[in-house]
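Structural description and commentary
Residue strings, one per chain:
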Amino acid sequence: MRVILMGPPGSGKGTQATSIADDLGVDAVSSGELFRDHQRRDTELGRLARSYMDQGVYVPDGVTIKMVMEWINDPVHSAGFVLDGFPRTHAQAEALDAEIKSLGGVDRVVFIKVSEDELIRRLTGRLICRNCQTPYHLLFSPPATKGMCDKCEGELYQRDDDKADVVTTRIQIYNQETEPVVDYYRRSSILREVDGEQAVEDVGKAMNAAISG
Ligand code: AP5
Ligand code: ZN
C-alpha cells in the first residue's frame, strides 16, 4: 500500500501518520523529519536544509527527491509507505510517479483540510519530543507532565520554524507551491479530502475510511 498525506503545515499529518501506517502494516516517513535527523547528526545535507527550513521555504528539489527516493528504495520499506510531506512540488510528484510506476503507482492521497487561523494556533502552540518526535500542543493536547513526553519521558521543545513569522511564510509557500500539486492529484481519482478540524481520533477514523473506501 502506498499512501500520501497532504495538507498545509500544522494540518495534522505527523499526528496521524504513524497510526495510519501501523494499521496498513507499512512504515511512515516525513521528509521534514528526515531533514531534522540530518541536522541532529550535523551532516552536510542537514546544514544545507537548515538554511532553508529556518526561513520557512522549501529545500531544493534535487536533494529532497534523492533523500526520499533512497528511503523508498530501501528494501526494508518494500511493503509500501505512508509519505508525510512529500511530494510538495510538481517536480517531486513527477519523480515519485516515475519511480513507482512499475509497482502500480500511488494508491491513495489523503488531503487534510484545516483553516488558516487554526493552522496558526496549532503551530505556534506545538511542542515536540526531542527523543521520539511525538507532537503535543500547549492547549489542545498537553503532556501529562509539563515539558515531558508521555510516551518516553523525553524533553519537549518548540521547533525553530514554529515561530509566528516563519509560520506565516510556510503557509504562503504551501499555497504557492503545494496547492497546485493537491489539484493535480484531485484531478485523478485517488485523492480523498478529510475534515482536519475534528478531534484527533475522529480525523484518524475519517482518514482510515478515506484510505479503505
Ligand atoms: P515538515 O516538518 O514536514 O513540516 P510541515 O509540512 O510544515 O508540517 P508540520 O510538521 O508543521 O505539520 P503537521 O501537518 O505534521 O502537523 P502536526 O501533526 O505536527 O517540514 C518542515 C520544513 O522542511 C519545510 O518547511 C521545508 O523547509 C522542509 N521540507 C520538508 N519536506 C519538504 C519537501 N518535500 N520539499 C522541500 N522542502 C521540504 O500537528 C500540528 C499541531 O496541531 C500539533 O501541536 C498537534 O498536537 C496539533 N494537532 C494535530 N491534530 C489536531 C487536531 N485534530 N485537533 C487539535 N490539534 C491538533
Ligand atoms: Zn517522546
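In short, a report on the structure. Please read these numbers as outputs of a predicted model, since none were measured by experiment.

**Considering the packing of aromatic side chains**
- Under the counting rule described, the total for this entry stands at 1 aromatic pair.
- Above the plane of the ring of Tyr157 lies Arg130, whose end atom (NZ or CZ) is 4.5 Å from the centre.
- Across the ring face of Phe111, the terminal group of Arg186 is positioned such that the distance to the ring centre comes to 5.6 Å.

**Regarding the site of ligand 1**
- What surrounds ligand 1 is a group of 37 residues, the closest being Thr15, Val57, Arg88, Arg126 and Arg170.
- Take Ser11: an N or O atom from its main chain is 3.2 Å from an oxygen atom of ligand 1.
- Between ligand 1 and Ser31, the relevant distance is 2.8 Å, taken from a nitrogen atom to a side-chain nitrogen or oxygen of the residue.
- In the complex, 95% of the free accessible area of ligand 1, which totals 1000 Å², lies under the protein chains.
- Among the elements that make up the shell around ligand 1, the one with the highest residue count is helix H2 (residues 31–40) (4 residues).

**Side note on the coordination of the zinc ion (ligand 2)**
- Summarising the metal site, the zinc ion (ligand 2) is bound by the protein donors Cys129 (SG), Cys132 (SG), Cys149 (SG) and Cys152 (SG), whose distances to it range over 2.2 to 2.3 Å.
- Of note is the zinc ion (ligand 2), whose 4 donor atoms meet at the metal with angles of 97 to 117 degrees in an arrangement that counts as tetrahedral.
- Along the chain, the residues donating to the zinc ion (ligand 2) are arranged with the sequence spacing C-x2-C-x16-C-x2-C.
- Look at Cys129 and you get buried, because its relative accessible area is 0%.
- On the accessibility criterion, Cys132 (32% relative accessible area) is partly exposed.

**Side note on the nonpolar core**
- Ile4, Met6, Ile72, Leu83, Leu96, Val109 and Tyr185 are the most contacted members of the largest nonpolar core, which has 31 residues in total.
- Top element by residues in this core is helix H4 (residues 61–73). It accounts for 6 residues.
- Beyond its immediate stretch of four places on either side in the chain, Leu96 contacts Ile4, Met69, Ile72, Phe81, Leu83, Phe86, Pro87, Val106 and Tyr185.

**Here's the deal with the sheet that holds strand E4 (residues 108–113)**
- One open sheet accounts for 5 strands, arranged E2-E3-E1-E4-E8; its pairing is parallel. Looking at strand neighbours, the two that pair on one side only are strand E2 (27–30) and strand E8 (191–195), the edges of this open sheet. Mean inter-strand twist for the sheet, computed between neighbouring axes without regard to direction, equals 20 degrees.
- Looking at chain direction, E4 and E8 are connected through 5 bridges and run parallel. The residue of E8 that forms the bridge with Ile112 is Val194.

Cut-offs and rules
- Residues numbered from 1 in each chain as written.
- Chains lettered and ligands numbered in written order.
- Predicted model: local features only at pLDDT ≥ 70, side-chain atom pairs only at ≥ 80, totals over all residues.
- Heavy atoms only, no water.
- Phe/Tyr/Trp six-rings, centres within 6.5 Å; stacked < 30°, edge-to-face > 60°.
- Lys NZ or Arg CZ within 6 Å of the ring centre and 35° of its normal.
- Near = heavy atom within 4 Å.
- Polar contact = N/O pair within 3.5 Å; in protein donor to acceptor, adjacent residues only side chain to side chain.
- Areas by Shrake-Rupley, 256 points an atom, 1.4 Å probe, with all protein chains shown as cover.
- Helix = DSSP H or I, 4+ residues; strand = E, 2+ residues; numbered from the N terminus.
- Donors = N, O, S within 2.8 Å, 3.2 Å for Na, K, Ca; no water.
- Tetrahedral: all angles 85-135°; square planar, octahedral: opposite > 155°, others 65-115°.
- Buried < 20%, exposed > 50% of the residue type's maximum accessible area, 1.4 Å probe, protein only.
- Core = buried A, V, L, I, M, F, W, Y, C linked by side-chain atoms within 4.5 Å.
- Contact = heavy atoms within 4.5 Å.
- Pairing = 2+ DSSP bridges.
- Axes fitted to C-alpha atoms, helices over the stretch in contact; angles between N-to-C directions.

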